[in-house]
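Spelled out from the first residue to the last, the chains are:
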Amino acid sequence: MVWVILFIPLALWLSVAFASQFSWATLAIVFVVILIFSLVEFIQLSRDHSRSKAPLMIMCLILASLVGSVIFR
């Protein structure tokens, strides 16, 4: 679980350094792909409550960093 906390600065740095340079089409495609993976992970988590919630949290952090890169573009 500690690695999720360590991922936050990395996600912020990646959103500022790289994602802000992407075109709108690239950002949309990446956002849709991550959103689909998040929904699949959420469905799997709702079926099996013993699964770890860390991958879903990571997907949410990635989505938040992408939204942040669009806002601060």
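Mapped onto the fold, Ser38 is located in helix H2 (residues 24–47). Note on Ser38: relative accessible area 6%, which makes it buried. Each residue touching Ser38, except ones within four places of it in the same chain, is listed here: Leu56, Met59 and Leu63.

On to a nonpolar patch on the surface, then. Taken together, the side chains of Phe31, Val32, Leu35, Ile36, Leu39, Val40, Val67, Ile71 and Phe72 present a nonpolar region at the surface, about 850 Å² in accessible area. Ranked by residues supplied to the nonpolar patch, first place goes to H2 with six residues. Within the secondary structure, Val32 is located in helix H2.

Here we take up the nonpolar core. Grouped together as the largest cluster of nonpolar side chains are five residues: Ala19, Leu27, Ile34, Leu63 and Leu66. Elements supplying a minimum of two residues to this core: H2 and helix H3 (54–71).

To continue, consider the layout of surface pockets. Within this model, the largest pocket holds a volume of roughly 170 Å³. As for the largest pocket, its lining consists of 12 residues, and the residues nearest its centre are Leu12, Ser15, Ala64, Ser65 and Gly68. Mapped by element, the contributors of at least two residues to the lining of the largest pocket are helix H1 (2–17) and H3.

Okay, the confidence of the model for the chain next. Model confidence for the chain is summarised by a mean pLDDT of 80, while 93% of its residues fall at 70 or above. The weakest mean pLDDT in the chain belongs to H1 at 74; the strongest belongs to H2 at 86.

A word on the packing of H2 against H3. Packing of H2 against H3 leaves a shortest axis separation of 9 Å and a crossing angle of 155 degrees. Judged by the inter-axis angle, H2 sits roughly antiparallel to H3. The handedness of the crossing between H2 and H3 comes out as left-handed. Across the interface between the two elements, Trp24, Leu27, Val30, Phe31, Ile34, Leu35, Phe37, Ser38, Glu41, Phe42 and Leu45 from H2 touch Pro55, Leu56, Met59, Ile62, Leu63, Leu66, Val67, Ser69 and Val70 from H3.

Rules used in this analysis
Residues numbered from 1 in each chain as written. Predicted model: local features only at pLDDT ≥ 70, side-chain atom pairs only at ≥ 80, totals over all residues. Heavy atoms only, no water. Helix = DSSP H or I, 4+ residues; strand = E, 2+ residues; numbered from the N terminus. Buried < 20%, exposed > 50% of the residue type's maximum accessible area, 1.4 Å probe, protein only. Contact = heavy atoms within 4.5 Å. Patch = residues over 30% accessible without salt bridge, like charges linked within 9 Å, V, L, I, M, F, W, Y side chains within 5 Å. Areas by Shrake-Rupley, 256 points an atom, 1.4 Å probe, with all protein chains shown as cover. Salt bridge = Lys/Arg side-chain N within 4 Å of Asp/Glu carboxyl O. Core = buried A, V, L, I, M, F, W, Y, C linked by side-chain atoms within 4.5 Å. 1 Å grid on protein atoms, 1.4 Å probe; cavity = no way out; pocket = protein on both sides within 12 Å on 5 of 7 lines; lining within 4 Å. Points joined across faces, edges and corners; volume = space filled by probe spheres on them. pLDDT = per-residue confidence, 0-100. Axes fitted to C-alpha atoms, helices over the stretch in contact; angles between N-to-C directions. Parallel < 35°, antiparallel > 145°, perpendicular 65-115°, else oblique. Left-handed = near helix turned anticlockwise from the far one by under 90°.

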